[in-house]
Amino acid sequence: MIRALIFLLAATLALPVLAQEARGDAVARVNQLKAAVAPGKQIFMARQLQLSNEEDATFWPVYDTHQAGLADLAERRSRLLARHAERLAAGQVDDGDIEDLAEEMLALEADEADLLESAFARLGRAGLPVEKAVRYIQLEKDLRALRHFERGDDADYRFN
């Protein structure tokens with residue numbers, strides 16, 4: 001019984017340390033990703049995917065289309081949040097506006113997921129090995145998380 005209590009106490013005391021280690025690992029991962037992308041996203045992708053000449057010809061047109069779609073989504077998101085910030089600053093935000101913002105943000109998230117799905121399908125149809133197509137999607141998701149982290153997206157959704 002005393003051993004169980006000691007173990008429970010030790011485990012409880014260790015939780016903050018484990019949380020700090022997990023946070024430290026996350027910060028290290030973010031820093032590694034930022035450093036890897038620093039030379040440019042295309043260079044990062046080329047290094048990560050290690051495409052052959054044939055794969056290169058297949059991959060980059062799909063990549064370019066996907067990046068154009070991401071740029072469009074970023075612009076739409078920026079306009080939406082700017083409009084919301086203006087209304088918020090003017091004191092013109094009500095529950096309906098907040099609900100509209102949530103619905104529009106969810107629609108943008110769905111559009112981004114559709115964009116990823118479309119890129120994956122096009123890469124498959126173009127003959128890129130599935131492992132590399134999956135790796136590309138994983139890298140895009142990592143970079144998306146990095147963008148959100150760097151933007152501090154929690155600040156984008158202020159309601160009052």
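Along each chain, residues carry numbers from 1 onward, in the same order as the chain's sequence is written. Only residues with pLDDT of 70 or above have their local features reported here, since the model is predicted, and side-chain atom pairs are shown and tallied only from 80 upward, although totals for entire chains, interfaces and linings are computed over all residues. The side-chain quantities take in all heavy atoms of the structure and omit both hydrogens and water.

A. Focus on the overall build of the protein. Helix and strand definitions follow DSSP, with helices as H or I runs of at least four residues and strands as E runs of at least two, each counted in order from the N terminus. Scanning the protein for helices and strands turns up 5 helices and 0 strands. In sequence order, the secondary structure elements of the protein are arranged as α-α-α-α-α. Residue contacts follow a heavy-atom distance rule, with two residues in contact if any of their heavy atoms lie within 4.5 Å. Taking all contacts inside the protein whose residues are at least 6 apart in sequence as the whole, residues at least 24 apart take part in 75%. For the protein, the exposed area adds up to about 10600 Å²; of that, 58% sits on carbon and sulfur atoms. In short, Shrake-Rupley with a 1.4 Å probe defines the accessible areas, and a residue's cover is counted only from the protein chains shown.

B. Structural view of unusual backbone geometry. With a phi close to 45°, Gln-50 is a non-glycine residue in the positive phi region. If you trace the backbone, Gln-50 turns up in the loop between helix H2 (41-49) and helix H3 (53-89). The class for Gln-50 is exposed, based on a relative accessible area of 62%. Each residue is placed in one exposure class: buried if its accessible area under a 1.4 Å probe, protein chains only, is under 20% of its type's maximum, exposed if it is over 50%, and partly exposed if it falls in between.

C. The arrangement of a negative patch on the surface in detail. A cluster of acidic residues, Asp-94, Asp-95, Glu-99, Asp-100 and Glu-103, forms a negative patch at the surface. Note that Asp-95 resides in helix H4 (residues 95-125). Judged by its relative accessible area of 67%, Asp-95 falls in the exposed class. The patches reported here contain residues having more than 30% relative accessible area and no salt bridge. Joining distances are 9 Å for like charges and 5 Å for nonpolar side chains (Val, Leu, Ile, Met, Phe, Trp, Tyr). We define a salt bridge as a side-chain nitrogen of Lys or Arg found within 4 Å of a carboxyl oxygen belonging to Asp or Glu. When charges are counted, Lys and Arg contribute as positive and Asp and Glu as negative, whereas His and the chain ends are disregarded. One atom stands in for each charge, and that atom is NZ of Lys, CZ of Arg, CG of Asp or CD of Glu.

D. A look at H3. With 37 residues, H3 ought to run about 54 Å at 1.5 Å a step, and its terminal C-alpha atoms sit 53 Å apart, in line with that. In H3, a bend of some 25° at Phe-59 exceeds every other bend along the element, and Pro-61, a proline, comes one to four places later. Here the expected span of a helix is defined as 1.5 Å times the quantity of residues minus one. To get the bend at a residue, fit one axis to the 7 residues ending there and another to the 7 starting there, then take the angle between the axes.

E. Here's a closer look at the packing of aromatic side chains. When the centres of two rings from Phe, Tyr and Trp lie within 6.5 Å, Trp using its six-membered ring, the rings pair. Their planes under 30 degrees apart give stacked, over 60 give edge-to-face, and anything left gives tilted. For the coordinates displayed, the defined rule picks out 5 aromatic pairs. Here the aromatic rings of Trp-60 and Tyr-63 are separated by 4.9 Å at their centres, their planes lie at 75°, and the arrangement is edge-to-face. With Trp-60 and Tyr-63 both in helix H3, this residue pair falls 3 residues apart, about one helical turn. For the ring pair Tyr-63 and Tyr-136, a centre distance of 6.1 Å and an interplane angle of 65° mean the geometry is edge-to-face. Placement of the pair is Tyr-63 in helix H3 and Tyr-136 in helix H5 (residues 130-151), with a sequence separation of 73 residues. For the pair Tyr-63 and Tyr-136, a shared accessibility class is recorded, and that class is buried. Through pairs of rings, three or more aromatic residues link up here, namely Phe-59, Trp-60, Tyr-63 and Tyr-136.

F. Inspection of the nonpolar core at higher detail. For our purposes a nonpolar core is just a set of buried Ala, Val, Leu, Ile, Met, Phe, Trp, Tyr and Cys residues, chained together by side-chain atoms within 4.5 Å. If you look at the biggest cluster of nonpolar residues, it comprises 21 residues, and the most contacted ones within it are Phe-44, Met-45, Phe-59, Leu-123, Tyr-136 and Leu-143. Among the elements that line this core, the one with the most residues is H5, at 6 residues. Discounting residues that sit within four places of it in the chain, Tyr-136 has contacts with Met-45, Leu-49, Phe-59, Tyr-63, His-66, Gln-67, Ala-119 and Leu-123. With 8 residues, the next largest nonpolar core counts Leu-73, Leu-80, Met-105 and Leu-108 among its residues.

G. Molecular detail of a nonpolar patch on the surface. On the surface, Phe-120, Val-130 and Val-134 cluster together into a nonpolar patch covering about 220 Å² of accessible area. Structurally, Val-134 can be placed in helix H5.

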